Amino acid sequence: MRNLRSVCLCSILSAICLAATPPADSDDAARIIQAALQPSPIQSNLRQLTDEIGGRIPGTPAMQRAMDWGVHMFKAAGADSVRAELFTIPQSWAEGATEMTVSATGTAFDPRLTQIPKVDFRVRCVSIAWAPALAPVRHVPVVDVGNGSVEEFKKAGDISGKIVLVHSVVLKTWDDLFAEYTNAPPVISAAVSGKAKAVAFIATREHDILYRHTNSFAGEIDRLPQVLLAREDGERIGRLLASGHPVWADLNIPNQVGGPIKTANVIAEIKGSEKPEEFVILGAHLDSWELGTGALDNGCNAALVVDALRAIKASGLKPRRSIRFILFSGEEEGLLGSRAYSTAHRPELDKAAGVIIYDSGTGKTTGFSTGGRKDVLDAAKSIIAPLRQFGVTELKTDMEWGTDHFDFMLEGVPTFVADQEEANYLVNYHAVSDTYDKVDFAQLKKDVAEAAEFSFALANLPEKIGPRFTRSQIEESMRETHSDEMFKAFGLWDAWESGNLGRQK
Ligand SMILES: [Zn+2]
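Quantities reported herein were computed from a predicted structural model and do not represent experimental measurements.

**Here we look at the environment of glycine 106**
Argument step 1. Here glycine 106 is to be found in the loop between β4 (99–105) and β5 (118–123).
Argument step 2. The class of glycine 106 is buried, set by a relative accessible area of 15%.
Argument step 3. Beyond its immediate chain neighbours, meaning those up to four positions away, glycine 106 contacts Ile116, Pro117, Lys118, Val119 and His245.

Now the structure itself:
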């Protein structure tokens, strides 16, 4: 998943302001950056993870192999220790052979025709992830509900027993992606209350690209069968309907839904020299969707985490605090691995000195988001000063949803999510085209240098960059950044309010 910002962005610090800030320990930073930029096995590591292991859904043999890859790569990079920590995902899900064909009556433009011509074509589509199966249905009317707004649903009239066709805009920016996620839940609710048979979302990518999308954010099976239609096919159906030709569909979504599955986060550690019980986390998720091979999302950054460990070890420097390098599982099903980790390690989170997450492919890193915290800005400015050479200059205090810092942020731990340019991330997002050849290795090596420098510096500060926030301080940050709106959009607000999510007090 990735990098979905809260509605309001605040406090963007200018590069000018950073220029005046001396780096905390520029010798250490230079050594680590130099070690990180040296040749390393990052390319072959990632090639094995993507081309050989492939897409990595928790519970599948590929994910098991990926976890073995993580353990092996961390050991080879020189970790002091490596372990896997198991957790449970409530349900397993796999797509079957999803099929949709549509038919309509054509235009009898030649009056000599005795029969009205038929329109008939097979639609390229996939099931939405963690959506329920649909037994084969025939000749189901398709009804266009525009962009799925309340007004459009009203205009569409009776949708009971029908397939609703939902339009979209082409994905170009992070904000578009945010909108794609926030638009879906009210559409599904309207479809459920109108007793629709299924929802057919038109893809936000052009050129027939299909991708794996989920609208279920906690590993639970969704309320209604849903398919994602290739944009070109979906628009064709929309034009038929708009020109007065009723459209019917045959649809079969034989998804396999199963019981709970075990998966694991893979954790390597470099032990701290002075305060080993305090720790910094550098993390990225190892799991991915399976239409492509999960190279940009997020294999490249899993390989980055391994390579950052290698670089810190190769520098010969020892951090005061421990650094935990974590490859999370279950991220795509709703940040489940990082939630499991932050919950299991809650008793020691007072000792967490910061969490750094990479999850936006290989677009240039422009800075970091501090998860609503202003108190860490001065120290963070000093930490990123040596990264100016790579174009890392901005600190934003916005709170984000959509990657593995989230539960740590709600536990009050200082978090830093790498903000990256979109580059080729969005067009390939969760798609058949997310493969090894899309990775910009020159940029990835810079990101390794940034991640290694940032995590080492954070682990090496004389005092932790900031205290663990209390529940009321976290809530204050939410109000300041208007993140409560984001929480409500994703159905997370009730969980926070009731204390099921985040810090208890
Ligand atoms: Zn991701």
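Back to the write-up after that little detour.
**Here we look at the environment of alanine 308**
Argument step 1. Inspection of the secondary structure assignment puts alanine 308 in helix α8 (residues 295–315).
Argument step 2. Judged by relative accessible area, alanine 308 falls into the buried class, the value being 0%.
Argument step 3. Non-local contacts of alanine 308, meaning those with residues more than four positions away in its chain, are made with Leu282, Phe325, Val448 and Ala452.

**Description of the nonpolar core**
Argument step 1. In this structure, Phe74, Phe325 and Phe368 are the most contacted members of the largest nonpolar core, which totals 94 residues.
Argument step 2. For this core, the element with the most residues is α8, which contributes twelve residues.
Argument step 3. Here this core spans two domains, since at least three of its residues come from each of domain 1 (4–90 + 260–497) and domain 2 (93–258).
Argument step 4. Apart from residues lying up to four places away in sequence, phenylalanine 74 is in contact with Ala79, Val82, Val266, Ala268, Val305, Val306, Leu309, Phe325 and Leu327.

**Examining the packing of aromatic side chains**
Argument step 1. One pass over the structure, following the stated rule, counts 13 aromatic pairs.
Argument step 2. Centre to centre, the rings of tryptophan 174 and tyrosine 425 are 5.3 Å apart; their planes meet at 50°, and the pair counts as tilted. Taken together, the residues span a long stretch of sequence, with tryptophan 174 in helix α6 (residues 174–193) and tyrosine 425 in the loop between β20 (415–420) and α12 (441–460) at a distance of 251 residues.
Argument step 3. Its relative accessible area of 5% is what places tryptophan 174 among the buried residues.
Argument step 4. Ring geometry for tyrosine 181 and tryptophan 401: centres 6.0 Å apart, planes at 75°, overall edge-to-face. With a gap of 220 residues between them, tyrosine 181 in helix α6 and tryptophan 401 in strand β19 (residues 400–401) connect regions that are remote in the sequence. As far as burial versus exposure is concerned, tyrosine 181 and tryptophan 401 are alike and both buried.
Argument step 5. Across the ring face of tryptophan 496, the terminal group of arginine 471 is positioned such that the distance to the ring centre comes to 3.9 Å.

**Some thoughts on the sheet that holds strand β8 (residues 163–166)**
Argument step 1. Pairing is mixed across the open sheet formed by eight strands, whose spatial order is β5-β4-β11-β7-β8-β9-β10-β6. The open sheet has two edge strands, β5 and β6 (125–127), and neither has a second partner. Each strand axis lies, on average, 25° off the axis of its neighbour in the sheet, ignoring direction.
Argument step 2. Seen against the sheet, α6 touches β8, β9 (198–202) and β10 (226–229) and runs at an angle of roughly 150° to β9.
Argument step 3. With respect to the sheet, helix α7 (residues 231–242) is in contact with β4, β5, β7 (134–144), β8, β9, β10 and β11 (247–253), its orientation differing from that of β5 by roughly 155°.

**Comments concerning helix α10 (residues 377–384)**
Argument step 1. The buried fraction of α10 is high, at six of eight residues.
Argument step 2. Within α10 the residues assigned to the buried category are Leu377, Ala380, Lys381, Ser382, Ile383 and Ile384.

**Regarding the domain arrangement of the chain**
Interface size is often expressed as the accessible area that is lost when the parts come together.
Argument step 1. With domains assigned, the chain is organised as domain 1 (4–90 + 260–497) and domain 2 (93–258).
Argument step 2. Taking the mean C-alpha position of each, domain 1 and domain 2 sit 35 Å from one another.
Argument step 3. Every contact between the two is made by 29 residues of domain 1 and, on the other side, 23 residues of domain 2.
Argument step 4. Taken together, the links from domain 1 to domain 2 amount to one salt bridge.
Argument step 5. Of the charged contacts, one joins arginine 212 and glutamate 290 as a salt bridge, the two residues approaching to 2.5 Å between their closest N and O atoms.

**A look at the pairing of strand β16 (residues 352–357)**
Argument step 1. Burial analysis of β16 places six of its six residues in the buried class, which makes it a mostly covered element.
Argument step 2. Here strand β14 (residues 275–285) pairs with β16 via four bridges, running parallel. Looking across to β16, one finds that glycine 283 is bridged to isoleucine 357.
Argument step 3. Note: β16 against β20, three bridges, orientation parallel. Residue isoleucine 357 lies in a different strand from β20, and its bridge partner there is valine 417.

**Regarding the pattern of salt bridges**
Argument step 1. Under the criterion given, the structure shown has 29 salt bridges.
Argument step 2. The partner of lysine 374 in a salt bridge is glutamate 480, with the nearest N and O atoms 3.2 Å apart. Of this pair, lysine 374 sits in the loop between β17 (365–369) and α10 while glutamate 480 is found in helix α13 (residues 471–480), placing the two residues 106 residues apart along the sequence.
Argument step 3. Judged by its relative accessible area of 34%, glutamate 480 is partly exposed.

Thresholds, definitions, all that
- Residues numbered from 1 in each chain as written.
- Predicted model: local features only at pLDDT ≥ 70, side-chain atom pairs only at ≥ 80, totals over all residues.
- Heavy atoms only, no water.
- Helix = DSSP H or I, 4+ residues; strand = E, 2+ residues; numbered from the N terminus.
- Buried < 20%, exposed > 50% of the residue type's maximum accessible area, 1.4 Å probe, protein only.
- Contact = heavy atoms within 4.5 Å.
- Core = buried A, V, L, I, M, F, W, Y, C linked by side-chain atoms within 4.5 Å.
- Domains from an automatic or database assignment.
- Phe/Tyr/Trp six-rings, centres within 6.5 Å; stacked < 30°, edge-to-face > 60°.
- Lys NZ or Arg CZ within 6 Å of the ring centre and 35° of its normal.
- Pairing = 2+ DSSP bridges.
- Axes fitted to C-alpha atoms, helices over the stretch in contact; angles between N-to-C directions.
- Salt bridge = Lys/Arg side-chain N within 4 Å of Asp/Glu carboxyl O.

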